[in-house]
Amino acid sequence: MEKQPDLTAQAENLIRHLEQQNLPLSVKPKNTQENLRENHDENQGENQGEKSNEKTTVENDGAGLNNRLKAGAADIPGQASQIRAAVMQAADTIWGGFGRAPKFPQTYTIRYLLRDYYYTGNKQGVSQALLSLDKMLQGGLYDQIGGGFARYSTDEKWLVPHFEKMLYDNALLLEALAEAWSLTGNMVYQRIIRQTIDFLSREMRHSGGGFYAALDADSEGVEGKYYVWQKSEIEKILGEEQAELFCLVYDVEEKGNWEDTNILWLQQSIAEVAKSIRIPEASLLRVLDQCKVKLLTERSKRVRPGTDNKVILGWNAMLITALCKCGAALGEPLFIEMAEDCYHFLQSHLIPQDENEGSWRHHWNKKIGAAEAFLDDYASLIQALIELNQVTGKTTYLQSAAALTVEVISGFSDKEGHFFYYTKQAAGALVRKIETYDSATPSGNAVMADNLWRLSILLDKTTWRERAVYMTLAMEPLMQHYPTSFGYWATLWQKIAFGTPEIAIIGDNASALASEVLQNYLPGAVLQFSPVTVADLPLLADKNVPKGQSFIYLCQDYHCNQPVTEVNTLMDSLVKSGVHPVLT
């Protein structure tokens, strides 16, 4: 028996989900269900007589919805404003984040608000997004000594975390930080990116390149014991002079700031502290970094929290995407090399050697796991391959992404060919479920819709494009009412509604130019580059580039402007189109 998607049932489940997450409802449940029924009925046809033809092909449905989107183009800024307003209803404008304690990072919502500024120029949402990141980075949620993020905060101030560190949380926060860095140029974000990747490499990386699932919260049976400090310990390790400064900055008290001990956190930013004690920020950072090295060395002598040694396909794929985006944003080839190493580890450890045993597996832990990969695993892996293609220019990654997409469409699609089940057709589940809202990790359906959208442009796949549009617009009522639980869908809606710039770079210097372009904030764009034209890739085909030159093309629906040779000229063209790639 296969369970079909029902937006009304999804709404009821979502209301329970929001209550569990302590997030406010932006509309009453009764009205929500009525609105969903209206939208659902509209999508299903106005009467039973239409039902026999309602979903015969994705192309027909998708084209109709695409036309509906174009017809409503004039109201796109209004819809963006509505989503922003719904997000802000849940916003904590003092301590950042969304909803009440316990507080989760909500990275999809943060990224939506960053992009809202890029598309609309409205500063309300981006201010909340940056406040949220800043307060998380300053809080105990972030490991101020060793780097890396815990799962969530038990209080509104981000002081007391649940100390478990999950690979997926760190991957998703790295993505958000890469976008914040590209938009603002704030060096704090770059420092935290580097510290977090250093932590992951040091404490969660398998020697072959894959990454482990998690670090436990407990050490010696006590939650957080590995991470907290007595003031006397810090004084003994650092000496009186350095300890006095360090304890001032990180709120370390004799009596403790949590359960008779101290969680390191910043009540003010480093810049604000430097100003208040009248020393240059760079000088303060140098001293604090020296202190952190000493404290980390001593902390490493403690009994470490346990490690969950599973290498999970989807979570590693999320990190590959994050490493690609961080490497591109910071112009750091090492991060991209780590991403490639991770993919090669997955490729060599999570595919059965016997082809009769099927395709990708969900996890590896000293041996390949028995469970087949789920939709989330495949969706995140395809996304990672698209990102690897974008930052390296290697078409093998794009070919692999396309092949896996065909496999997902074949094995996971619902009967109508619109959404995707969580498990494969032959996985043996009695009831196959379709999950659409974002929880700790993004919805596999949302990620697949985004993959279909991007691949449809890169490979000129009309059917995939229409399916992505159908999925996104079918979710539109939910994302407008509950954007904090449909943040990933909302970012795809932005790409479709505001347009997806297509950037092609061809010539001897294409790789260097692509690297320069990708250091800018271009959240919705797709980019391909090659030293020569490529006949079977539409963005790289049919371009006349004289030998010894390199051209940058800005295109929309494969219609390209006159090529340019400088990245600044490209960015000027984008700004003239109405986007805001730099926060001013």
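Provided above is the structure to which this section pertains.
What you see is a predicted model; the values in this text were computed from it and never measured.

S.K.: Describe the pattern of salt bridges, listing the residues and the values that go with them.
M.R.: Should the charged atoms of two oppositely charged side chains come close, the side chains can pair. With the rule as written, the count across this model stands at 25 salt bridges. The closest approach of N and O atoms between Glu164 and Arg151, which form a salt bridge, is 3.7 Å. Highlighted residues: Glu164 in the loop between strand S2 (161-162) and strand S3 (165-166) and Arg151 in the loop between helix H6 (123-138) and strand S1 (152-153), separated in sequence by 13 residues. Residue Arg151 is classed as partly exposed on the basis of its relative accessible area of 25%. As a salt-bridge pair, Glu203 and Arg304 come within 3.3 Å of each other at their nearest N and O atoms. Residue Glu203 is found in helix H8 (residues 187-203), and its partner Arg304 is found in the loop between helix H12 (281-299) and strand S7 (307-308); the two are separated by 101 residues along the sequence. For Glu203, a relative accessible area of 11% translates into the label buried. Connected via shared salt-bridge partners are Arg111, Arg115, Glu175, Glu179 and Lys325.

S.K.: Help me get a handle on helix H4 (residues 76-89), residues and values and all.
M.R.: In a regular helix each residue adds 1.5 Å, so 14 residues correspond to 20 Å; H4 covers 20 Å between its end C-alpha atoms and thus fits that length. Those residues of H4 lying buried are Ile76, Gln79, Ala80, Ile83, Arg84, Ala86, Val87 and Met88.

S.K.: Describe the side chain of Arg111, listing the residues and the values that go with them.
M.R.: Mapping Arg111 onto the fold places it in helix H5 (residues 107-120). Engagement of the side chain of Arg111 in a polar contact is seen with the side chain of Glu179, the distance being 3.1 Å. Excluding residues that lie within four positions of it along the chain, Arg111 makes contacts with Glu175, Ala176, Glu179, Lys325, Tyr488 and Thr491.

S.K.: With reference to specific residues and values, describe the sheet that holds strand S10 (residues 502-507).
M.R.: Across the sheet, which stays open at both edges, the 4 strands sit in the order S11-S10-S12-S13 with mixed pairing between neighbours. A single partner strand is all that each edge strand has here, and the edge strands are strand S11 (526-530) and strand S13 (559-560). Across 6 bridges, the pairing between S10 and strand S12 (residues 550-556) is antiparallel. Counted as the bridge partner of Ile505 is Ile552 from S12. Against the sheet, helix H21 (residues 510-517) contacts S10, S11 and S12, and its axis sits at roughly 150 degrees relative to S10.

S.K.: Explain unusual backbone geometry to me, using residue names and the numbers behind them.
M.R.: Along the chain, Ala101 connects to Pro102 via a cis peptide bond; the corresponding omega equals 0 degrees. Look at Gln106: it is not a glycine, yet its phi comes out positive at around 55 degrees. Take Gln106: it is sitting in the loop between H4 and H5. Although it is not a glycine, Glu259 adopts a positive phi angle of roughly 50 degrees. Following the sequence through the fold, Glu259 ends up in the loop between helix H10 (240-249) and helix H11 (270-276). On the basis of relative accessibility, which here comes to 63%, the residue Glu259 falls in the exposed class.

S.K.: Which residues make up the environment of Ser380, and what are the values?
M.R.: Inspection of the secondary structure assignment puts Ser380 in helix H15 (residues 375-392). Accessibility expressed as a relative area gives 4% for Ser380, which makes it buried. Sequence separation between Ser380 and Ile320 is 60 residues; the distance between their C-alpha atoms is 9.2 Å. Ignoring sequence-local partners within four residues, the contact set of Ser380 consists of Gly314, Ala317, Met318, Thr321 and Val447.

What counts, and where the lines are drawn
- Residues numbered from 1 in each chain as written.
- Predicted model: local features only at pLDDT ≥ 70, side-chain atom pairs only at ≥ 80, totals over all residues.
- Heavy atoms only, no water.
- Salt bridge = Lys/Arg side-chain N within 4 Å of Asp/Glu carboxyl O.
- Helix = DSSP H or I, 4+ residues; strand = E, 2+ residues; numbered from the N terminus.
- Buried < 20%, exposed > 50% of the residue type's maximum accessible area, 1.4 Å probe, protein only.
- Expected span 1.5 Å × (residues − 1).
- Polar contact = N/O pair within 3.5 Å; in protein donor to acceptor, adjacent residues only side chain to side chain.
- Contact = heavy atoms within 4.5 Å.
- Pairing = 2+ DSSP bridges.
- Axes fitted to C-alpha atoms, helices over the stretch in contact; angles between N-to-C directions.

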